[in-house]
Amino acid sequence: MKTIAKIFRSQQISLNKTTVTFSHCLCRLFLLLLLQFLHQHSPPYNQLLYSPHPTHPTPPPSRHGPIRRNRRKFRESGKSDTIPPPYSWATNQRAIIHSLNTLNSKQIFTITGDVQCKRCERKYEMEFDLREKFAQVGAFIALHKVAMHDRAPDIWMNPVLSTCKFCEQENSVKPIIAPKKKEINWLFLLLGQFLGCCTLEQLKYFCKHNKIHRTGAKDRVLYLTYLTLCRQLDSTGPFDR
Ligand SMILES: [Zn+2]
């Protein structure tokens, strides 16, 4: 009898164990289903935890914003190598003019440029004979180059301006320098010895596009601009640096 009672008790225990295990499984299943439901119907956890305004979730960043900015940057830095020649005596390279030989073959003998009187403010076009004016500049350089010591002389730094053909004011007509640097009339400025009217920034632009990577005071950069322009016209002349 005792033995039967023992067996019965042990079976009851194992039955109880089974019941416990079964209810445990049910509980876990319920929890899993609940978690799945919450996951599907609630906002993302990171939004709940990190969003400063969880009630007004911030829209995703615009797809076009950064891309457009990059494109603009590319346009700014990605300038084309050539430009439409701003004058018949200019090449399609920035700050580079044709040689005398090319200008002769193109029958270009007169160089024009826009000027304005400082007194009466009238604007008009001035013209130079290419050969005559270049001979004057070349002779001046040949004569004074050694004494210049790589610096523009005062006459180049502070050019004597022409007399106005309207109001006849002396030393009053200054060249109109194109606001866009690629449109600066370099040959006209050279022939009139007006290059000193350029800003340091404009002269540095010229040097940069002629592969002269030199910074310095205006008299040095101006000297280099004069010599380089003369060399562009006549590479055999006394215009080495
Ligand atoms: Zn005038």
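Here, the structure is the one placed above.
Residues take numbers from 1 onward in each chain, read along the sequence in its written order. Local features in this predicted model are restricted to residues of pLDDT 70 or higher, and side-chain atom pairs are both shown and tallied only at a pLDDT of 80 or more, whereas totals for entire chains, interfaces and linings draw on every residue.

Draft legend 1. Seen up close, the environment of valine 160. When you line up the elements, valine 160 lands in the loop between α6 (154–157) and β3 (173–175). Put simply, valine 160 and serine 172 are twelve residues apart on the chain and 8.6 Å apart in space, counted from C-alpha to C-alpha. Counting from the N terminus, the helices are DSSP H or I runs at least four residues long and the strands are E runs at least two residues long.

Draft legend 2. Looking closely at the pairing of strand β1 (residues 110–117). Side-chain alternation along β1 places Ile111, Gly113, Val115 and Cys117 on a buried face and Thr110, Thr112, Asp114 and Gln116 on a face that remains uncovered. Any two strands are treated as partners once DSSP identifies two or more bridges connecting them. In terms of strand pairing, β1 meets strand β2 (residues 123–129) through seven bridges, oriented antiparallel. Directly across from threonine 112, in β2, lies its bridge partner glutamate 127. Counting the residues that bridge the hairpin from β1 to β2 gives five residues, and of these glutamate 121 lies at a positive phi of roughly 65 degrees. Relative to β3, β1 runs antiparallel, the two sharing three bridges. Bridge assignment links cysteine 117 to a residue of β3, and that residue is valine 173. Exposure in this text rests on C-beta crowding, where 20 or more other C-beta atoms within 10 Å of a residue's own make it buried, 12 or fewer make it exposed, and counts in between make it partly exposed. The C-beta atoms are placed from the backbone.

Draft legend 3. A look at helix α8 (residues 200–209). Those residues of α8 that sit buried are Leu203, Lys204, Phe206 and Cys207. Across the axial projection of α8, the buried residues extend over an arc of 155 degrees, all falling on one side. Positive backbone phi, at 60 degrees, marks lysine 211, one or two positions downstream of α8. Summarising the geometry, the arc corresponds to the directions from the helix axis toward the C-beta atoms.

Draft legend 4. Molecular detail of helix α9 (residues 218–233). One fewer than the residue count of a helix, multiplied by 1.5 Å, yields its expected span. Look at α9: 23 Å from first C-alpha to last across 16 residues, which is about the 22 Å you get at 1.5 Å a residue. Listing the buried residues of α9 in full gives Val221, Leu222, Tyr223, Leu224, Thr225, Tyr226, Leu227, Thr228, Leu229, Gln232 and Leu233.

Draft legend 5. The arrangement of the sheet that holds β2 in detail. Pairing is antiparallel in the open sheet, where three strands are placed in the order β2-β1-β3. The open sheet is flanked by β2 and β3, the only strands paired with a single partner. On average, each strand axis in the sheet is tilted by 45 degrees relative to the strand beside it, whichever way the strands run. Together, β1 and β2 form the strand contacts of helix α5 (residues 130–148), whose direction differs from that of β2 by roughly 75 degrees. Only the stretch in contact is used when a helix axis is fitted, and all axes are lines through C-alpha atoms; the angle between N-to-C directions ranges over 0 to 180 degrees. By definition, residue pairs are in contact when their C-beta atoms, positioned from the backbone, come within 7 Å.

Draft legend 6. Looking closely at the nonpolar core. We define the nonpolar core as any set of buried residues of the types Ala, Val, Leu, Ile, Met, Phe, Trp, Tyr and Cys, connected via C-beta atoms lying within 7 Å of each other. Core analysis: the largest hydrophobic core is formed by 32 residues, its most contacted members being Trp186, Leu187, Leu190, Leu195, Leu222 and Tyr226. Counting only elements with at least two residues in this core, the list comes to α5, α7 (186–191), α8 and α9. Element by element, the count of residues in this core is highest for α9, at eight residues. Apart from residues lying up to four places away in sequence, tryptophan 186 is in contact with Ala95, Ile97, Phe206 and Leu229.

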